[in-house]
Amino acid sequence: MADLVGQALSHRCGRLITAEDTGLVAAPGERRHGTRDSVPPPQEEPDPVRRLVRMCRAQVDPERRVLLTQTVFDLSGASVPPWHTPSYSRGSPVGRPVVRADLAILRAATRLFAAGVDAHGGNHARSALAAYLADDGAGFISGPAPDELHRQALTAVAQLTHLLAVMTVDAGHQGLAQSYFRTSLGLAHAAGDRLMCAIVLRAMSTQAANLGHIRQAADLASAAARHAPPGSPAGIRAYVLSQRALTRALLRDSRRADADLADAEDALRQSSGDGGPFTSYPAAAFAYQRGRALYALGRRDQAVTAFQDAVHARSPRERRPAALTHARLAHLLLEAGRLEEACSHWQHCLDLYPFLRSAQADRALADLIHTLSAFPRHPRAVGLCEQARGLMAPVRKPPHGS
């Protein structure tokens, strides 16, 4: 009943009204009259457009946000979803008409938020992106539009939702990030955009691998490679193949891992390096991924070289990936007995840390303290530990996981 009222109001108001917006049901997770309401949690909504709106509106509500951030990573959700005929490929009569200039607005927002993730981490402006998607983003894919324009708008919103998932991973909320990734994938399916599906599947593989679910990560990486259509941008081919190389390396399949690395490098050479975050793959990012794969294959010295290449290729604006690369390189150098060099890279990491709002950077800082505490007689190591403890002193956790 509430859904029907929401649909009627959507037509009347010209914007998407969800069942919770009507006030006829409680928001997901709340109780009424001692029983759970009939509305499923927002991440269980089958329609990706409505799911996006419900999740993002919950994200910007301080009380409902807490429930969202408690979402647990679901291993079954890390499986490869079947490719199916898009179910939501036509524009809706609800809302103001969508025009081509709206795509330029969406793409400008994508560039802005993508740059923010690299510069300041996923806990910076994450709620702002959720609010943007809940209002403006939903409007762009809820209004009447020609089919092709509607599909392009779906892809653009899928890209922004993908960025929200990446930011949420970096904020440390893995289950919620997984829900955003799957929402992005659903939007890409609805758009019939196989390239965007490949990009999301690759990111889902990265998340699964980082959480230690290697077999699922390998399946997702292989699916990403299969979904990348012929004629995909060379940078995206390199992006997809480099992740498949990493998962194969983690499974100790050195022959196929090496083949994927070689193919990814060839694709990267064919890439112009220009374009936005969903059409190109920076050389520094590939060098970092190559270093991870080589290390998984037991080739530490080659991995050190790859991470050094990544450090040198980073733009000054890429503070977050630079800090994480310095931290990883420092660990490898320490393994090789090169403590002084390791300390130099940890110093770079500490210099970048104050600019970041990132759970991954927080973990790198805590790991630095734990690792260098084993060297109480080394003045530089002791100094770095003291500096790191001073940086950790202010508790920077935003309220309710913003």
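Residues numbered from 1 in each chain as written. Predicted model: local features only at pLDDT ≥ 70, side-chain atom pairs only at ≥ 80, totals over all residues. Heavy atoms only, no water.

1. Describing the nonpolar core
Taken as a class, soluble globular proteins show a tendency for nonpolar side chains to be buried jointly. One finds C56, L129, L133, L160, Y180 and L187 to be the most contacted residues of the largest nonpolar core, which totals 80 residues. No other element matches helix α6 (residues 147–170), which puts 12 residues into this core. When near neighbours in sequence (up to four residues on either side) are disregarded, L187 contacts P48, V49, L52, I141, L154, V157, A158 and T161. Membership of the second largest hydrophobic core comes to 37 residues, among which are L339, C349, Y353 and L365. (Core = buried A, V, L, I, M, F, W, Y, C linked by side-chain atoms within 4.5 Å. Buried < 20%, exposed > 50% of the residue type's maximum accessible area, 1.4 Å probe, protein only. Helix = DSSP H or I, 4+ residues; strand = E, 2+ residues; numbered from the N terminus. Contact = heavy atoms within 4.5 Å.)

2. Considerations on the packing of aromatic side chains
Counted by the stated rule, this structure contains 4 aromatic pairs. Aromatic pair Y281 and F286: ring centres 6.4 Å apart, planes at 75°, arrangement edge-to-face. On the basis of relative accessible area, F286 is assigned to the buried category, the value being 5%. Between Y288 and F307, the ring centres sit 5.4 Å apart and the planes meet at 65°, which makes this aromatic pair edge-to-face. (Phe/Tyr/Trp six-rings, centres within 6.5 Å; stacked < 30°, edge-to-face > 60°.)

3. Some words on the side chain of S142
Within the fold, S142 resides in helix α5 (residues 126–142). A polar atom in the side chain of S142 sits 2.7 Å from the backbone oxygen of A138. (Polar contact = N/O pair within 3.5 Å; in protein donor to acceptor, adjacent residues only side chain to side chain.)

4. Quick word on unusual backbone geometry
You will see that A125, though not glycine, has its phi angle at about 70°, which is positive. Within the fold, A125 resides in the loop between α4 (100–120) and α5. We classify A125 as partly exposed; its relative accessible area is 30%. With phi around 65°, R252 is a residue other than glycine that occupies positive phi space. Structurally, R252 is set in the loop between α10 (234–250) and α11 (254–270). Take R252: its relative accessible area is 61%, and that puts it in the exposed class.

5. Points about the packing of α6 against helix α7 (residues 174–191)
Axis separation between α6 and α7 bottoms out at 8 Å; the angle between their running directions is 165°. Classified by the interaxial angle, the pair formed by α6 and α7 is roughly antiparallel. The handedness of the crossing between α6 and α7 is left-handed. Of the residues in α7, those in contact with R151, L154, T155, V157, A158, T161, H162, L164, A165, V166, T168 and V169 of α6 are Q174, L176, A177, Y180, F181, T183, S184, L187, A188, A190 and A191. Of the residues in the contact of α6 with α7, the class split is 15 nonpolar, 7 polar and 1 charged. (Axes fitted to C-alpha atoms, helices over the stretch in contact; angles between N-to-C directions. Parallel < 35°, antiparallel > 145°, perpendicular 65-115°, else oblique. Left-handed = near helix turned anticlockwise from the far one by under 90°. Nonpolar A, V, L, I, M, F, W, Y, C, P; charged D, E, K, R; others polar.)

6. Brief notes about the environment of A188
Mapped onto the secondary structure, A188 falls in helix α7. Between the alpha carbons of A188 and V157 there is a distance of 8.8 Å; along the sequence they are 31 residues apart. Apart from residues no more than four positions distant in its own chain, A188 is found in contact with A158, D193, M196 and C197.

7. A closer look at the confidence of the model for the protein chain
On average, residues of the protein chain score 87 in pLDDT, and 84% of them are at 70 or above. Scored below 50 in pLDDT, residues 27–38 shows 22 contacts in the model against residues more than four places distant or in partner chains. Per-residue pLDDT stays below 50 along residues 398–402; that stretch engages in 16 contacts with residues further than four places along the chain or on separate chains. (pLDDT = per-residue confidence, 0-100.)

8. Some remarks on helix α13 (residues 300–313)
Its 14 residues give α13 an end-to-end C-alpha distance of 20 Å, which sits within 8% of 20 Å, the value for a rise of 1.5 Å per residue. Among the residues of α13, those classed as buried are A303, V304, A306, F307, A310 and V311. Buried residues of α13 fall within an arc of 165° about the axis and therefore sit on the same side. The exposed set on the far side of α13, more than 90 degrees from its buried face, consists of D301 and H312. Taken together, the buried residues of α13 touch α12 (283–296) and α14 (319–335). (Expected span 1.5 Å × (residues − 1). Arc of directions from axis to C-beta.)

9. Examining the environment of A109
Within the secondary structure layout, A109 lies in helix α4. Overall, the relative accessible area of 9% leaves A109 in the buried class. Separated by 23 residues in the primary sequence, A109 and Y132 have C-alpha atoms spaced 9.1 Å apart.

10. Examining the environment of G122
Relative to the assigned elements, G122 resides in the loop between α4 and α5. The buried category is assigned to G122, whose relative accessible area is 0%. As for G122 and A359, which are separated by 237 residues in sequence, their C-alpha atoms are 8.0 Å apart. Among all residues touching G122, those that are not within four sequence positions of it are M167, D170 and R357.

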